[in-house]
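Single-letter residue listing:
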Amino acid sequence: MTGMTSAVQHEITPELRGFREVQRLAYACAEAVAGQLRSGVTEREAARMQRVWLRERGVRDWFHLPFAWFGDRTAFAGFKVPLQFFPTDRRLEPGMPFILDMAPVYKGFTADVGYAGCLGLNPLHDRLLADLEAHRELILREVRERRSLREIYEDVERLMTTQGYTNRHRAYPFGVIAHKIDRVTERRWSPRLFGFGTQALKGLVSDALHGHRDGWSPLWSPYRFSDHPPQPGLWAVEPHLGFRGTGAKFEEILVVTDSKDPEQSAFWLDDDLPHVRRWAEEKVAA
Amino acid sequence: MNLSQARERRVVTGGVELCVAELGDAGRPTVVLVHGYPDSKEVWSDVAVRLAEHWHVVLYDVRGHGGSTAPKPLRGGFTLEKLTDDFLAVIDTVSPDRPVHVVGHDWGSVQAWEFVTVGRTEGRIASFTSMSGPSLDHFGHWIKRRMTRPTPRRVGQLLGQGAKSWYVYMLHTPVLPELAWRGPLGKRWPRILERMEKVPAGDYPTASLPSDAAHGAWLYRDNVRARLSRPRADAYAHAPVQLITPTGDSFLSERLYDGLEDWVPRLVRRSLPAKHWVPRTRPDQLASWVDEFITANESAGREGAPAQPTPAQSPYAQRFGGQLVLVTGAASGIGRATAFAFAEAGARVVAVDRDAEGAARTAEMARLIGAPAAWGEAVDVSDEDAMEKLAARVASEYGIVDVLVNNAGIGLSGSFLETTSEEWKKVLDVNLWGVIHGCRIFGKQMADRGQGGHIVNTASAAAFQPSRVLPAYSTSKAAVLMLSECLRAELAEKSIGVSAICPGIVNTNITATTRFAGADAAEEERLQKRTSRLYGRRNYPPTRVADAILRAVVRNQAVVPVTPEARGARLLSRLSPGTLRSVARLKPPL
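Conventions adopted
Numbers given to residues run from 1 along each chain, matching the order in which its sequence is written. Numbering of ligands from 1 and lettering of chains from A proceed in the order in which they are written. Per-residue local features are limited, in this predicted model, to residues with pLDDT of at least 70; the limit for side-chain atom pairs, both in listing and counting, is 80 or more; totals at the level of whole chains, interfaces and linings are taken over all residues. Excluding hydrogens and water, the side-chain figures rest on all heavy atoms present in the structure. UniProt positions are given in the numbering used here, feature names are shortened, and annotations may be inferred rather than shown by experiment. Under the DSSP-based scheme used, a helix requires at least four consecutive residues in state H or I and a strand at least two consecutive residues in state E, with every element numbered from the N terminus. Pairing of aromatic rings covers Phe, Tyr and Trp, the last counted by its six-membered ring, and requires centre-to-centre distances within 6.5 Å; plane angles under 30 degrees mean stacked, over 60 mean edge-to-face, and any other angle means tilted. In this scheme, a residue with accessible area under 20% of its type's maximum is buried, one over 50% is exposed, and one in between is partly exposed, where area comes from a 1.4 Å probe on protein chains only. Counted as over-ring charges are cases with an Arg CZ or a Lys NZ within 6 Å of the ring centre that also lie within 35 degrees of the ring normal. Per-residue confidence from the predictor is reported as pLDDT, a score between 0 and 100. Any two residues whose heavy atoms approach within 4.5 Å are treated as being in contact. Two parts placed together each lose some accessible area under a 1.4 Å probe, and the buried area is that loss summed for both. Residue polarity is assigned by list, with Asp, Glu, Lys and Arg as charged and Ala, Val, Leu, Ile, Met, Phe, Trp, Tyr, Cys and Pro as nonpolar; anything else, Gly included, falls into the polar class. Criterion used throughout: strands pair if DSSP finds at least two bridges between them. For every element, the axis is a line fit to its C-alpha atoms; helices are fit only across the contacting stretch, and the angle between N-to-C directions ranges from 0 to 180 degrees. The cut-offs work like this: below 35 degrees is roughly parallel, past 145 is roughly antiparallel, 65 to 115 is roughly perpendicular, and the gaps in between are oblique. Crossing handedness is defined as follows: a turn of the near helix away from the far one that is anticlockwise and smaller than a right angle gives a left-handed crossing, while the clockwise case is right-handed. Only one rule defines a salt bridge in this text: a Lys or Arg side-chain nitrogen within 4 Å of an Asp or Glu carboxyl oxygen. Handedness rule for crossovers: strands pointing away from the viewer, path from the first strand over the helix to the second running clockwise, crossover right-handed. Here a polar contact means two N or O atoms within 3.5 Å. Within protein one must be a hydrogen donor candidate and the other an acceptor candidate, and residues neighboring in sequence count only if both atoms are side-chain atoms.

Observations regarding the UniProt feature "domain: AB hydrolase-1" (unreviewed entry) in chain B
Residues annotated by UniProt as "domain: AB hydrolase-1" (unreviewed entry) correspond here to residues 29–278 of chain B. Structurally, residues 29–278 of chain B is divided into 43% helix and 14% strand, and its ends, taken at the C-alpha atoms, are 24 Å apart.

Written as structure tokens, this is what we have:
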């Protein structure tokens, strides 16, 4: 699949390099924290570990504060109100799946990543992780075909249904599978609103206002306001599979440009990420 | 193989001579089956033969029953202490250096509770499967707890069990029970069992019944009052216990086993929709659960792992664990969710669908979430020959289906006048004939086996909500609903339940494949997309329908509307059908 190697062929501007750096930092954090998770650790503790790790490495602002979900909360079982996304005192147990989700701002660049893992062996979780690969390929292919975001959303959902899963990104605010991210001006003081950095929110709201005038939205949702071709920019894409009490996702940045060349018109910012490496290793093993 | 081919021997102990029968390879782990009242070891004949395929099966007649002699005098000769002596004498003879697995029914189970909770048998019992016989000590504490703090619920439980125990009071009267059993009751007992308890006629009960029953009355007289008034405080089980509760037992309330976990550290619960005499009426299911439990404990004993099968997550695990469930239309939507729900409860699943790949995928995922086995089968339910072949293959390779879910269905929308006869035929072939074939072919297998079962048919809220846009679909579903009701009436005497599930608007891909009569390809695609979005916005997940299906099987419900709109339509169809007729005239906003 071209997606695997595409990023190297793309011209990486200093701006993209900045985004890639923060995305790598965030994934490094996810892997470091995941490595420290033990039986009995709570979601709150896992979220704090991420926050501390990133702060120590220079992160001062956030698109949103780190989240951690354990057990059936990875599939958002019984989520009714957005407050339920916030970390709880749920403790990790052997065999339990977990998801770490964080969106740090580093040197003015934002990343939003999701990392799904599991404490010990869980063949079902392995299956979910493996099945996410098809979604990464599908999304890239259809974005390059300039299909409407709403249609792509429905195709992803259809693929999930075929695989036997339910679409759990529908539980996110506005049911989004992705949202735009952008540079953020670094201020000395950036308060947060319900865990979201106000600077980053400001960018999203201003995008929403501009987009509303021009007929596009920075939120990639199943609704009519997403019935438009992909808007150039950076999208944090987060397909989220759920299967009874188990959920898995990845989240990474998709670069969309206005290039006429399909290869250049959209590509994953970085192909050297834990989940992509995992798929490659599985293929080699097979 | 049957019981007459068993190797018999006599064991002399405590003034009596016990008749012991052995089946199967004596080198294998030993399973001891203990019978109840008024029975002899022959009550186990069907179960014993099945278990003998894998284990060394030992049965004995309790003192005073069948081929064993009675103690003299009878009074005081049937205490639990003496029964424990007998048990130890038997297992020391048949399995001197290896602990045995005990299975008890009725009084056999009451005795075995004593075996498994007294110190002198510790290390001699590897596992115990109990059915329809509580520990008298636990029972005594159960009564005490309810007497000392009589909340309304507890009083209700006491009175309920008190009423079910009427025969225990009768057996405490002197002489009369003996006279009755040796006289008219003994003669009529086989007929009574057949009519009241649905025990199939045959070589059971045996000719020794009148004297078994007369002697056995002393089981009650020697133990019940003594134990219930002064229950032992240390009656903790020292071996893993599997409790099988028949939910239709006329003599024992299910509530008796509330809080049993306090006495049994390693408890596995099973429940079975059947009456009291499960060794006669459900031998297949019992043998398979006993087999599974022994296997789990044998391997656990070897590796030192916790002696329990992996605890399933689902609250339905105790009912469906190990059962064989066949679901049609299992490659997507409600069928797939149902297959997964049964898999999670530990059932073995056969996923049937036209879409071979989807069915295989369902089976694969089912295995990942707890089904001990799952298979995908590519069959079109409207094809009678294919269904016949499927049934033969399933029966020979996996066994007789315990729960059948006829779920496969297709959508057809559009005005009646524009629907062609071809389209009519197609929708009736799948939605109605598919169900008929399933019920007829698999239902026959179930009925022939004579050990109960359950059939679930997926109808629809459209079965009672008329609509101008769904004439063919609604007709097919109304037929399924009535078919289910008729079949339920017919199969009730075979202990086979039939449920019709009537979902309303559920988010499945039926909308994406629905044919719209009178629409050209482009228009049809637009309508499919539009309805899919509407259903998506409604977003009622198929998993909730699957939950309703499992609940319907457990409760043996006749008609189950799922989703608020379906329940509303069902209510209106009774209270105010005129309203439904007005709704039927509306054109949906498509």
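A word on the packing of aromatic side chains
For the structure shown, the criterion picks out 34 aromatic pairs over all chains. Considering the side-chain rings of Phe-76 of chain A and Tyr-172 of chain A, the 5.4 Å spacing of their centres and the 75 degrees angle between planes classify their relative orientation as edge-to-face. With Phe-76 of chain A in the loop between strand E1 (61–70) and strand E2 (97–106) and Tyr-172 of chain A in the loop between strand E5 (166–167) and strand E6 (178–181), this pair connects stretches of sequence that are 96 residues apart. Judged by its relative accessible area of 8%, Tyr-172 of chain A falls in the buried class. Here Phe-416 of chain B and Trp-424 of chain B contribute two aromatic rings whose centre-to-centre distance is 6.0 Å and whose plane-to-plane angle is 70 degrees, an arrangement assigned as edge-to-face. Lying across the ring of Trp-53 of chain A, Arg-57 of chain A places its NZ or CZ 3.7 Å from the centre. Of note, Arg-221 of chain B hangs over the ring of Trp-218 of chain B, and the distance from its end group to the ring centre comes to 4.8 Å.

Structural notes on the confidence of the model for chain B
Overall, the prediction assigns chain B a mean pLDDT of 93, with 98% of residues at 70 or greater. Taken as a whole, residues 304–310 of chain B scores under 50 in pLDDT and shows 12 contacts with residues more than four places along the chain or in a different chain.

Quick look at the interface of chain A and chain B
Listed as interface residues are 17 residues of chain A and, on the opposing side, 17 residues of chain B. A buried area of about 1500 Å², summed over both sides, lies between chain A and chain B, and 49% of it is on carbon and sulfur atoms. Area buried by chain A at its contact with chain B is led by Arg-127, Phe-243 and Arg-244 of chain A, which between them contribute 37% of it. For the side of chain A that touches chain B, the elements supplying multiple residues, two or more each, are helix H4 (123–144) and helix H5 (149–163) of chain A. Among the residues forming the side of chain A that touches chain B, the class breakdown is five nonpolar, four polar and eight charged.

Structural notes on the sheet that holds strand E11 (residues 240–243) of chain A
All names here are of chain A. The three strands are arranged E5-E11-E12 in an open sheet whose pairing can be described as antiparallel. At either end of the open sheet lies a strand with only one pairing partner, and these are E5 and strand E12 (246–249). The pairing of E5 with E11 spans two bridges and is classified as antiparallel. Considered in E11, the bridge of Asn-167 is made with Leu-241. Sheet strands touched by H4: E11 and E12. Its angle to E12, the strand with the most contacts, is close to 35 degrees.

Points about the packing of helix H4 (residues 136–148) of chain B against helix H9 (residues 209–229) of chain B
Residues and elements named next belong to chain B. Between H4 and H9, whose axes approach to 8 Å, the crossing angle comes to 50 degrees. In terms of orientation, H4 and H9 fall into the oblique class. Between H4 and H9 the crossing geometry is right-handed. Of the residues in H9, those in contact with Leu-136, Asp-137, Phe-139, Gly-140, Ile-143 and Lys-144 of H4 are Asn-223, Val-224, Arg-227, Leu-228 and Ser-229. Looking at the contact of H4 with H9, its residues break down into five nonpolar, three polar and three charged.

A short note on the UniProt feature "domain: Peptidase M24" (unreviewed entry) in chain A
Those residues carrying the UniProt feature "domain: Peptidase M24" (unreviewed entry) are residues 19–258 of chain A in this numbering. When the span residues 19–258 of chain A is considered, its composition is 36% helix and 24% strand, and the gap between its end C-alpha atoms is 19 Å.

Some remarks on the sheet that holds strand E10 (residues 233–237) of chain A
Residue and element names in this part refer to chain A. One open sheet holds the five strands; their spatial order is E9-E6-E10-E13-E14, and the pairing between them is antiparallel. With partners counted over all chains shown, the strands left at the sheet margins are strand E9 (219–220) and strand E14 (266–268), one partner each. Taken together, the five bridges between E10 and strand E13 (residues 252–256) define a ladder with antiparallel strand orientation. Residue pairing for E13: Val-237 is matched across the bridge by Glu-252.

Details of the pattern of salt bridges
Residues and elements named next belong to chain A. Going through the model one piece at a time under the given rule, you end up with 60 salt bridges over all chains. Between Glu-43 and Arg-73 there is a salt bridge whose closest N-O contact spans 2.8 Å. One end of the pair, Glu-43, is in helix H3 (residues 43–56); the other, Arg-73, is in the loop between E1 and E2, and 30 residues separate them in sequence. In this structure Arg-73 comes out as buried when scored by relative accessible area, which is 8%. In this structure, the salt-bridge partner of Glu-263 is Arg-144, at a minimum N-O distance of 3.6 Å. With Glu-263 in helix H7 (residues 262–265) and Arg-144 in helix H4, the pair connects residues that are 119 residues apart, well separated along the chain. Note on Arg-144: relative accessible area 14%, which makes it buried.

Some details on the pairing of strand E14 (residues 453–458) of chain B
All names here are of chain B. Extensive coverage of E14 is indicated by the burial of five of its six residues. The pairing of strand E12 (residues 403–406) with E14 spans four bridges and is classified as parallel. For Val-405, the partnering residue across the bridge sits in E14 and is Val-456. Sheet topology note: the E14/strand E15 (residues 496–503) ladder contains six bridges and is parallel. In the strand pairing of E15, Asn-457 is matched with Ala-500. The handedness of the E14 to E15 crossover, carried by helix H17 (residues 471–491), is right-handed.

A few points about the side chain of Gln-465 of chain B
Residue and element names in this part refer to chain B. Following the sequence through the fold, Gln-465 ends up in the loop between E14 and H17. Taking relative accessible area as the criterion, Gln-465 reaches 17% and is therefore assigned buried. At 3.4 Å, the side chain of Gln-465 and the backbone oxygen of Leu-580 are in polar contact. The contact partners of Gln-465, leaving out residues within four places of it in the chain, are Ser-474, Ala-569, Leu-580, Val-583 and Ala-584.

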